[in-house]
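# Architecture and fold: a report
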Amino acid sequence: MFYNFKEIEKKWQKIWLKDKLFRAQIDPNKKKYYLLEMFPYPSGKIHMGHVRNYTIGDVAGRFKTLEGYNVLHPMGFDAFGQPAENAAIKNKTKPAAWTHKCIGQMEAELKRMGFSYDWEREVSTCESDYYKWNQWIFLKMLERGLAYKKASSVNWCPNCATTLANEEVIEGGCWRCHAKVEQKDLEQWYLKITEYKERLLEDLKQLQNWPERVLSMQANWIGKSQGVEIYFKLKGSGEVVPVFTTRPDTIFGATYIVLAPEHPLVKRLISGSPQEKEVLKFIDKVAKESKVARASSGVKKEGISTGSFAVNPVNNEEIPVWIADYVLMEYGTGAIMAVPTHDQRDFLFAKEHGLGMRVVIQPKEKNIKSADELTEAYEGEGVQVNSGEFDGLSNQDAKIKIAEWMEKKNIGKIQTHWRLRDWLISRQRYWGTPIPVIYCPKCGVVPVPYKDLPVELPKDAPFTGEGGSPLGKVKKFVEVKCPKCKTPSRRETDTMATFFDSSWYFLRFCSPKFRNGPFDEKEAGYWMTVDQYIGGIEHAILHLLYSRFFTKFFKDLGMINFDEPFKRLLAQGMVLKNGEVMSKSKGNTVDPDIMTQRYGADTLRLFILFAAPPETELEWDDRGLEGAHKFLNRVWRVQENLKAKADPVLIRALHKTIKKVTEDFREFKFNTAIASLMELTNAIYQSGADKEVFLKLIVMLSPICPHFAEELWRISGNKESIFKARWPAVDPVLLVEDSVIIVVQVNGKVRLRIEVAADITEGKLKELVLADERLSAWIQGKPVRNFILIPKKLVNIVV
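Residues numbered from 1 in each chain as written. Predicted model: local features only at pLDDT ≥ 70, side-chain atom pairs only at ≥ 80, totals over all residues. Heavy atoms only, no water.

### Focus: the overall build of the protein chain
Applicable threshold: A run of H or I in DSSP becomes a helix once it reaches four residues, and a run of E becomes a strand once it reaches two; helices and strands are each numbered from the N terminus. Accessible area is worked out with a 1.4 Å probe on protein chains only. A residue is then buried under 20% of its type maximum, exposed over 50%, and partly exposed in between. Between two residues, a contact is recorded if the distance between any of their heavy atoms is within 4.5 Å. Accessibility throughout is a Shrake-Rupley quantity obtained with a 1.4 Å probe, and a residue counts as covered only by protein chains that appear here. Asp and Glu are treated as the negative residues and Lys and Arg as the positive ones, with His and the ends of the chain left uncounted. For the purpose of locating charges, the reference atoms are NZ of Lys, CZ of Arg, CG of Asp and CD of Glu.
On a plain count of helices and strands, the protein chain comes out with 26 helices and 32 strands. Taking the principal axes of the C-alpha coordinates as reference, the protein chain spans close to 105 × 75 × 50 Å. Per-residue burial for the protein chain yields a buried fraction of 54% across its 799 residues. Long-range contacts, defined here as pairs at least 24 residues apart, represent 72% of the contacts in the protein chain between residues at least 6 apart. When the accessible area of the protein chain is evaluated, it comes to approximately 36,200 Å², of which 51% is carbon and sulfur surface. Of the side-chain charges in the protein chain, 116 are positive and 102 negative, and the distance between the mean point of each set is 4 Å.

### Re the packing of helix α23 (residues 691-701) against helix α24 (residues 706-715)
The following threshold applies: For every element, the axis is a line fit to its C-alpha atoms; helices are fit only across the contacting stretch, and the angle between N-to-C directions ranges from 0 to 180 degrees. Comment on the angle field: the value is read as roughly parallel under 35 degrees, roughly antiparallel over 145, roughly perpendicular from 65 to 115, and oblique elsewhere. Note: crossing handedness is left-handed where the near helix turns anticlockwise from the far helix by less than a right angle, and right-handed where it turns clockwise. Gly is placed with the polar residues, together with every amino acid not listed as nonpolar (Ala, Val, Leu, Ile, Met, Phe, Trp, Tyr, Cys and Pro) or charged (Asp, Glu, Lys and Arg).
As a packed pair, α23 and α24 sit with axes 9 Å apart at the nearest point and diverge in direction by 155°. It follows that α23 is roughly antiparallel to α24 by the angle criterion. The two elements α23 and α24 cross, and the hand of that crossing is left-handed. From α23, Phe694, Leu695, Ile698, Val699 and Leu701 reach across to α24, where they touch Phe708, Ala709, Leu712 and Trp713. Its residues assigned to classes, the contact of α23 with α24 comprises nine nonpolar, no polar and no charged.

### Things to note about the sheet that holds strand β2 (residues 70-72)
Short version of the rule: In this description, strands pair whenever DSSP reports at least two bridges between them.
Strand order in this open sheet of four strands is β2-β1-β24-β25, and the pairing throughout is parallel. Edge positions in the sheet fall to β2 and β25 (569-572), since each of these pairs with one other strand and no more. On average, each strand axis in the sheet is tilted by 20° relative to the strand beside it, whichever way the strands run.

### A short note on the pattern of salt bridges
Going by this rule: What counts as a salt bridge is simple: a side-chain nitrogen of Lys or Arg found within 4 Å of a carboxyl oxygen of Asp or Glu.
Counted according to the given criterion, the structure contains 35 salt bridges. Here Arg23 ties to Glu120 by a salt bridge, and the two come within 3.1 Å at their closest N and O atoms. With Arg23 in the loop between α1 (5-19) and β1 (32-37) and Glu120 in the loop between α4 (95-112) and α5 (128-143), this pair connects stretches of sequence that are 97 residues apart. Here Arg23 falls in the partly exposed class, since its relative accessible area comes to 36%. Close ionic contact of Asp664 with Lys660 constitutes a salt bridge, the shortest N to O distance being 2.6 Å.

### Some words on unusual backbone geometry
Residue Pro454 follows Leu453 across a cis peptide bond; omega there is 5°. Between Met528 and the following residue, Thr529, the backbone shows a cis peptide bond with an omega angle of 5°. By the secondary structure assignment, Thr529 is in the loop between α16 (521-527) and β24 (532-536). Despite not being glycine, Asn386 has its phi angle at roughly 50°, a positive value. One can find Asn386 in the loop between β15 (383-384) and α12 (395-408). Under the relative-accessibility criterion, Asn386 is labelled partly exposed at 46%.

### Overview of the side chain of Asp58
So the rule is basically this: Under this definition, polar contacts are N or O atom pairs within 3.5 Å; protein pairs additionally need one hydrogen-donor-capable and one acceptor-capable atom, and for neighbouring residues in sequence, both atoms have to be side-chain atoms.
Looking at the secondary structure, you find Asp58 in helix α2 (residues 48-66). Overall, the relative accessible area of 0% leaves Asp58 in the buried class. In this structure the side chain of Asp58 is engaged in a polar contact, spanning 2.6 Å, whose partner is the side chain of Arg605. Each residue touching Asp58, except ones within four places of it in the same chain, is listed here: Glu37, His73, Gly114, Phe115, Ser116, Arg605 and Pro703.

### Regarding the pairing of strand β31 (residues 786-790)
Two elements, β31 and strand β32 (residues 794-798), share five bridges in a ladder whose sense is antiparallel. The residue of β32 that forms the bridge with Asn786 is Val798. In textbook terms, the turn of a hairpin is the stretch between consecutive antiparallel strands, and for β31 and β32 this stretch comprises three residues, one of which, Lys792, has a positive phi near 65°.

### A closer look at the sheet that holds β32
One key point about sheets: their strands pair by backbone hydrogen bonds, in either a parallel or an antiparallel sense. Strand order in the open sheet formed by four strands is β30-β29-β32-β31, with mixed pairing between adjacent strands. Edge positions in the sheet fall to β30 (749-757) and β31, since each has one partner strand and no second. Geometrically, the sheet is characterised by an average inter-axis angle of 20° between neighbouring strands, direction not taken into account.

### A closer look at helix α17 (residues 542-556)
The condition is simple: Expected span, for any helix, means 1.5 Å times one less than how many residues it has.
Under the 1.5 Å per step criterion, the end-to-end length of α17 is 21 Å for 15 residues, consistent within 8% with the ideal 21 Å. Counting buried residues in α17 gives 12 out of 15 residues, a clear majority hidden from the surface. Listed as buried for α17 are His543, Leu544, Leu545, Tyr546, Ser547, Arg548, Phe549, Phe550, Thr551, Lys552, Phe553 and Phe554. Of the residues one or two after α17, Gly558 is the one with positive phi, at around 80°.

### Topic: the side chain of Ser124
Along the chain, the position of Ser124 falls in the loop between α4 and α5. Judged by its relative accessible area of 10%, Ser124 is buried. Excluding residues that lie within four positions of it along the chain, Ser124 makes contacts with Phe77, Ile103 and Tyr130.

### Quick notes on the packing of helix α20 (residues 622-638) against α24
The contact between α20 and α24 brings their axes to 11 Å, and the two run at 10°. Classified by the angle between their axes, α20 and α24 sit roughly parallel to one another. In this structure, α20 contributes Leu632, Val635 and Trp636 to the contact, and α24 contributes Phe708, Glu711, Leu712 and Ile715. Among the residues making up the contact of α20 with α24, the classes are represented as six nonpolar, no polar and one charged.

Printed below as a string of structure tokens:
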């Protein structure tokens, strides 16, 4: 008999929705558990990465419900963003229509997977009742001096008259019209996240249940560095170039300095020089690269000489000034001193461009006579050489002494630098939250009054992809009277970066219909913080950092009383096929809908959890689905042959399984929990289960395969949902090892299991096994040629 997954899954999805089984409400008598997966961008279809992320979360939520927790498990859509605008242009539709269509499709697919979401709490960030509170938050930040406007450089297509993201610049041209992209300075809005840098760094210590690599990524992005700002003078003009370094011990080995291509000094240095044309060409090329790629250690570094020289202040040596793609304005002063012998990146760059090298730190265990010997930079500790009066010091001591010496001679200053820069939130797009300010010729920048929020997106904006922001072409939107003096004025036509939307959505889920603020403080006081957050490692820096920033801001407003939004974080691995991440461009995607139609949602859920631990990459294999489906059918057939009473061996195996599965679920080790459930099922087939054993197996399986378990629970005579039952308890007496289970094989094939005293002798065990009547069918009177024993585990009888 095979279970009819199509009928069963539809049936239970309808019942759960009708009975509002997953509705979350404050219950002071229960311990709360707030479970959240990162909400998706509505692209129209869910992919296997979504299925994996949301299945992990769903199992955790259902398990906590069975343990007696009051679980909040919401879902929504991160619905603003540039792809919707591009789709609208391509398909001659409106971003709102395209987005809502995609949301409808994804909602249906998520429901078909049986996820336990409280759909009454659904939010979409493109709805005005959500983005009104984005605007409210922005105005609060503006009041406190945390929102401000300044000029910054953007990619600009002169033909389309619009800004372009780095990924929209293809071989130096606009992705749409192929016109050459230019750099243009625009006045744009920033949030002063740097005001929170110390707290953002210090409070990482609170996050005991975050992956270590995510904490490291956050700390590195904030980037607190103790070091020295050294003053290099340009040859000829005497103008000072400040260079920040955390390695003052290597200053005597600096053989060139490198500026970021965006450094304000560069254009003055090359003005009128023979190199000017080539350098400007290089600057344009680098401007189109992403900062992540430029900083990556795996990408070859490119650079060009400015033709100028600077003077190393510690030895008065003239050294060349270069610019290179690996130097970013966001770090330090936008200029570095290059020490190729003691920095691998500088070493590779110097080798590529034939630049000088000098050893200034000698390893204790090896004598480097010349820089020419080096095949890579020496970045370890050692003794100072070629360092003037500091020769012979350990480099750790020299760091301090050289720093103090430079400060005394006024050629440097001991400083703390931060990598973190303020957050640019302006986008010259339509499909985002309008920034709520008005520009008045008399009053200047005027905030939109709170009573006038939300500033809604006009529905009649034109979408051609050309001629600048669509908002700027809607006269009724742009032309407005100043709220202060009533003078004709104009609205801001920039919209907010979508990271703004996702920086506080976890708070909105606590009270999504609340009208008097971003969230109901009482509801947030009960549900927050998020007990378990689940999402991809690609969001380990920006999204998590911005969410932490917003949380601290809300605390400063007195709206919450905690510092950090997410107590525990799980960064799940990617889903691969043939060793590569699934993507449409590679043609290696697997459609979850097709898999659920073929095998059912429960089989897909079981496979995706069994195939690999959540934190690691998962290699897709259709054969795994076949195996998962066979296992469920095997469990289904157990109900047909239940006994009046299970034997003690099986009861003991059941309680060991309960203990193991409970521990595994709490630690998100779902693959080993499933393996234990499979072992228990095998044991049931060996000795037969009674109803009590069977139902406990079904309860343990229910978070993974909820429709399947609900049906078996109902067939077994239970009237209420299985998720109103309680997780099975362990009887500690049955875990005591005063006896052991011995697997008995005949000619290598398992034939039975017996329970014996843990201290049984080999002779007594042999006598007991051979006397067991159940073996007679397998031995059939043949002489026993060998009796192989693995103590406390296994007997193999060779006949």
